[in-house]
Amino acid sequence: MAQPRLPNILITGTPGTGKTTLSELASLKTGMEHINVTDLVKARGFHSGLDTEFDTLILDEDLLLDEMEIMVQPGGKIVDFHTCGIFPERWFDLVIVLTTDNTTLYDRLAARDYSAKKIQENVDCEIMQVVLDEARESYKNDILVNLDSSTPDQMEQNVLRIAQWLESYMAGRQ
Ligand code: ADP
Ligand code: MN
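Residues numbered from 1 in each chain as written. Chains lettered and ligands numbered in written order. Predicted model: local features only at pLDDT ≥ 70, side-chain atom pairs only at ≥ 80, totals over all residues. Heavy atoms only, no water.

K.L.:
Describe the site of ligand 1, naming the residues involved and giving the relevant values.
P.N.:
As a matter of local geometry, ligand 1 sits amid 14 residues, with Gly-16, Lys-19, Thr-21, Arg-112 and Thr-151 nearest to it. Thr-21 places a side-chain nitrogen or oxygen 2.5 Å from an oxygen atom of ligand 1. Contact distances for ligand 1 include 2.8 Å between a nitrogen atom and a backbone N or O atom of Thr-151. Within the complex, 73% of the 570 Å² of free accessible area of ligand 1 lies under protein. Counting residues per element, the ones that place at least two in the shell around ligand 1 are α1 (19-30) and α7 (152-173). The leading source of residues in the shell around ligand 1 is α1, at 3 residues. In terms of residue class, the shell around ligand 1 is made up of 3 nonpolar, 8 polar and 3 charged. (Near = heavy atom within 4 Å. Polar contact = N/O pair within 3.5 Å; in protein donor to acceptor, adjacent residues only side chain to side chain. Areas by Shrake-Rupley, 256 points an atom, 1.4 Å probe, with all protein chains shown as cover. Helix = DSSP H or I, 4+ residues; strand = E, 2+ residues; numbered from the N terminus. Nonpolar A, V, L, I, M, F, W, Y, C, P; charged D, E, K, R; others polar.)

Structure (structure tokens):
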């Protein structure tokens, strides 16, 4: 019998909510492969420079999506990115939006070398639930989960939750 196809998971959320940490831990636990989209954009130059007003890279979406299409096609990927509306809905079997308590998020961003403006923009983005709204507009409710990532305990629970989700997904495919 053919092996069932592995699923793809998107982990999204405001910068600082713990996407990369969770993706790395979940990758170690499950053997799925972590794709850090920001690193991919930088490494392959899928951008046209820095937007100086917002201090973010201006994405070359066509090049990025063409490359990622090939990467996600076999399944088994954990995609880590702070925005989620640019990806085709069909790529993902599970979409996780991480959220973090506002003061905790502020402290995490302040520990990075972000400007005061960039910290405030990201905290505002979290307060307004921008990524959560974008995910609700872009993906079906039944594959969408919002997980809190404010404490180390929650991080640990979120890793276990992904591992358990993968197990039941694969059991359902046999
Ligand atoms: P992102 O990739 O979303 O920007 P990171 O994974 O880089 O976020 O996490 C930002 C910082 O916050 C890191 O120092 C990380 O260790 C810490 N962190 C993330 N999630 C948690 C959590 N649930 N509990 C405690 N610290 C966390
Ligand atoms: Mn990250």
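K.L.:
I'd like to hear about the environment of Thr-21, residue by residue, with values.
P.N.:
Inspection of the secondary structure assignment puts Thr-21 in helix α1. Judged by its relative accessible area of 43%, Thr-21 falls in the partly exposed class. C-alpha of Thr-21 to C-alpha of Met-155: the two residues are 134 residues apart in sequence and 8.4 Å apart in space. (Buried < 20%, exposed > 50% of the residue type's maximum accessible area, 1.4 Å probe, protein only.)

K.L.:
Quick rundown of the UniProt feature "binding site: ATP" (unreviewed entry) in the protein? Include the residues and the values.
P.N.:
In the UniProt entry, the feature "binding site: ATP" (unreviewed entry) is given for Gly-16, Gly-18, Lys-19, Thr-20, Thr-21 and Arg-112. Mapped onto the secondary structure, Thr-20 falls in helix α1. Contacts of Thr-20, omitting those with residues within four sequence positions, involve His-34, Asn-36 and Asp-80. (UniProt positions renumbered as here; feature names shortened; annotations may be inferred. Contact = heavy atoms within 4.5 Å.)

K.L.:
Any chance you could break down the packing of aromatic side chains for me, citing the residues and the numbers?
P.N.:
Under the definition given, this model contains 6 aromatic pairs. Within the aromatic cluster, the residues linked to one another by ring pairs are Phe-81, Phe-87, Trp-91, Phe-92 and Tyr-139. Against the face of Tyr-114 rests Lys-118, its NZ or CZ located 4.6 Å from the ring centre. (Phe/Tyr/Trp six-rings, centres within 6.5 Å; stacked < 30°, edge-to-face > 60°. Lys NZ or Arg CZ within 6 Å of the ring centre and 35° of its normal.)

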